[in-house]
Amino acid sequence: MAESKIKPADGGPAGRGRRRGTLILGAAALLTALMAGHRLIPNVRGLGSLVDSGAPFLGLGVPLLLLAAALRRSRVALAAALVPAVLWAVLFGTAWLPGGGGGSVRLRVASQNLRAGNPDPVGTVTSLADTEADLIGLQEVSGDTRTPVSEALAERYPYRADVSTVALWSRYPIREDVGVDTGLAWTRALRAVVAAPGGDVVVYVVHLGSARAGDTGTRDRTVTALATRIRQDPAERLIVLGDLNTATTDRMIEPLTELLKDAQADAGRGPGFTWPAALPVTRPDHVLYRGLTAAYARVVRTPASDHRAVTAGFR
C-alpha cells in the first residue's frame, strides 16, 4: 500500500512567496499610515515632535518597497508600494515645484546662527554680507565674537541693535529696539523697527529654547511665548529671523505659522534644510513674515558655523 504524503499548507516556495508579499503589503500600509498621520502620534517627551521633524525622510522607505515588489514580481505588491510613493510626493515633494516669488526685490534679509565659539566669525558674516542682504539677524553672538563681527559689518551696516546673544545689523536706520521675553532665563530675542524702503518694518531676531530628544518642553514654551507677542504686535509689516529650534514639519511651529507666512514655503525650492551644516537634515532656521510678498528664499553655506544661513527677498 502506497504511503501518503501530506505537505504543509504554507510550505515550499509558494508559501514563502505569499509571506513575503504579505510583508510588503504590511510595510506599505505602515509607511503610508506614518506619513499621513505622523502628527497624530502623541507628543510624549517630544516623540511626536521628533517624528514630525523626520517625516520627509520616511520617503526613503519607498525605493526599498519598490525594489522588494520588483523582485517579488507582484503587481499587487507594486501597487501597494506606489501608495506611500504618491502620498510622499503630495505631502513633501511639492516643495521642489516652482512656487511663488519673483518680481522686483525691495528688501533682502539674512539670518544665521553664528555658533558660540565660532573660530572664524568674520568669515561667517562676510559670507552673509556678500548675499547683499539689507538686514542681517544673528544668533549666538558671544562676547568674544561681538567686536570682530561689528567691525566686519560696520561699513556696510551702520545701524545695529543687540540684546544678549541676538543682534540685528541694518543698512537702514533702526528707529527703536527692545528685548523680547520668550520665557527663558535670559533674553534671547529682540524687536526692532527698521526704516526700510516704503515704510517701517518690524523685525524680530530670535533664538528660541533648545529641543532635544525626550525634552522639548522649553522650546515649546518659547514658541508659545513668541506667538503670543506677535499676535499682540500691531505692526502691519513684520519679519521674524531666527533659530526657532523647530522644523517646518513639526506640529509645534503651528502657533507661529498660523500668524505668519514662511518665506521658504512661499518662494523657495526644496525643504531648505540648514542643520547640521555639513549634511543638513532639518530646518530650525526660518524667515517668517506678514504684510510683504516673498520674492525668493534660499539657503547659504557659510564657513565656520554649524548652521547654514537662510536668506529671503521681499517686494
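Quick look at the structure, then. The model shown is predicted, which means the values in this text are computed figures rather than measured ones.

Scoring rules and cut-offs
Residues numbered from 1 in each chain as written. Predicted model: local features only at pLDDT ≥ 70, side-chain atom pairs only at ≥ 80, totals over all residues. Heavy atoms only, no water. Helix = DSSP H or I, 4+ residues; strand = E, 2+ residues; numbered from the N terminus. Rg over C-alpha atoms; globule rule 2.2 N^0.38 Å. Buried < 20%, exposed > 50% of the residue type's maximum accessible area, 1.4 Å probe, protein only. Contact = heavy atoms within 4.5 Å. Lys, Arg positive; Asp, Glu negative; His and termini not counted. Charge placed at Lys NZ, Arg CZ, Asp CG, Glu CD. Pairing = 2+ DSSP bridges. Axes fitted to C-alpha atoms, helices over the stretch in contact; angles between N-to-C directions. Right-handed = clockwise from strand over helix to strand, strands pointing away. Salt bridge = Lys/Arg side-chain N within 4 Å of Asp/Glu carboxyl O. Parallel < 35°, antiparallel > 145°, perpendicular 65-115°, else oblique. Nonpolar A, V, L, I, M, F, W, Y, C, P; charged D, E, K, R; others polar.

### A look at the overall build of the protein chain
Part 1 of the argument: Counting its regular elements, the protein chain contains nine helices and twelve strands.
Part 2 of the argument: What you see for the protein chain is a C-alpha radius of gyration of 24 Å, clearly larger than the 20 Å of a compact globule of 315 residues, by over 25%.
Part 3 of the argument: Along the first, second and third principal axes, the C-alpha atoms of the protein chain reach 105 × 40 × 40 Å.
Part 4 of the argument: A burial count over the protein chain gives 47% of its 315 residues as buried.
Part 5 of the argument: Within the protein chain, residue pairs in contact and separated by at least 24 positions form 67% of the contacts whose partners lie at least 6 positions apart.
Part 6 of the argument: Charge separation in the protein chain, taken as the distance between the mean sites of 36 positive and 28 negative side-chain charges, equals 12 Å.

### Quick word on the sheet that holds strand 9 (residues 261-262)
Part 1 of the argument: Pairing within the open sheet is mixed, and its six strands lie in the order 5-6-7-8-10-9. Two strands close off the open sheet at either side, each with one partner strand: strand 5 (174-179) and strand 9.
Part 2 of the argument: Bridge count for strand 6 (residues 189-196) against strand 7 (residues 199-207) is eight bridges, and the pairing is antiparallel. Bridging across to strand 7, valine 193 finds its partner in valine 202.
Part 3 of the argument: Sitting on the sheet, helix 7 (residues 217-232) touches strand 5, strand 6, strand 7, strand 8 (238-243) and strand 10 (285-290), and the angle it makes with strand 7 is about 170°.

### Thoughts on the pairing of strand 1 (residues 107-113)
Part 1 of the argument: With six of its seven residues buried, strand 1 lies for the most part within the structure.
Part 2 of the argument: Pairing of strand 1 with strand 12 (residues 309-314), which is carried by five bridges, proceeds in the antiparallel orientation. Bridging across to strand 12, leucine 107 finds its partner in phenylalanine 314.
Part 3 of the argument: Summarising the sheet, strand 1 and strand 2 (residues 135-139) pair through five bridges and their orientation is parallel. Paired with valine 109 across the bridge in strand 2 is leucine 135.
Part 4 of the argument: Crossover handedness for the path strand 1 to helix 5 (residues 121-129) to strand 2: right-handed.

### Brief notes about the pattern of salt bridges
Should their charged atoms come close, side chains of opposite charge can pair.
Part 1 of the argument: Tallied over the full model, the rule gives eleven salt bridges.
Part 2 of the argument: When the shortest N-O distance is used, the salt bridge between arginine 251 and aspartate 52 registers 2.6 Å. On the criterion of sequence distance, the pair formed by arginine 251 in the loop between strand 8 and helix 8 (254-257) and aspartate 52 in helix 2 (residues 47-54) is long-range, its members being 199 residues apart. By the burial criterion, arginine 251 is buried, and aspartate 52 matches it.
Part 3 of the argument: Across the salt bridge formed by glutamate 176 and arginine 191, the nearest N and O atoms sit 4.0 Å from each other. Taken together, the residues span a long stretch of sequence, with glutamate 176 in strand 5 and arginine 191 in strand 6 at a distance of 15 residues.
Part 4 of the argument: Among the residues examined, arginine 191 registers a relative accessible area of 13% and is labelled buried.
Part 5 of the argument: Within this structure, Arg146, Arg160 and Asp162 form a network of salt bridges that share partners.

### A few points about the pairing of strand 12
Part 1 of the argument: Counting buried positions over the six residues of strand 12 gives six, a clear majority of the element.
Part 2 of the argument: Both faces of strand 12 are covered, namely the face carrying Ala309, Thr311 and Gly313 and the face carrying Val310, Ala312 and Phe314.
Part 3 of the argument: In the sheet, strand 11 (residues 294-300) pairs with strand 12 via six bridges, with the strands oriented antiparallel. Residue valine 299 lies in a different strand from strand 12, and its bridge partner there is valine 310.

### Some words on the packing of helix 3 (residues 61-72) against helix 4 (residues 75-91)
Angle between the axes and distance between the axes: these two values describe a pair of packed helices.
Part 1 of the argument: Look at helix 3 against helix 4: their axes get within 8 Å of each other, and the N-to-C directions meet at 170°. Considered as vectors, helix 3 and helix 4 are oriented roughly antiparallel to each other. When helix 3 is examined against helix 4, the residues Val62, Leu65, Leu66 and Ala69 are found in contact with a partner set consisting of Ala77, Leu78, Ala81, Leu82, Pro84 and Ala85.
Part 2 of the argument: Its residues assigned to classes, the contact of helix 3 with helix 4 shows ten nonpolar, no polar and no charged.

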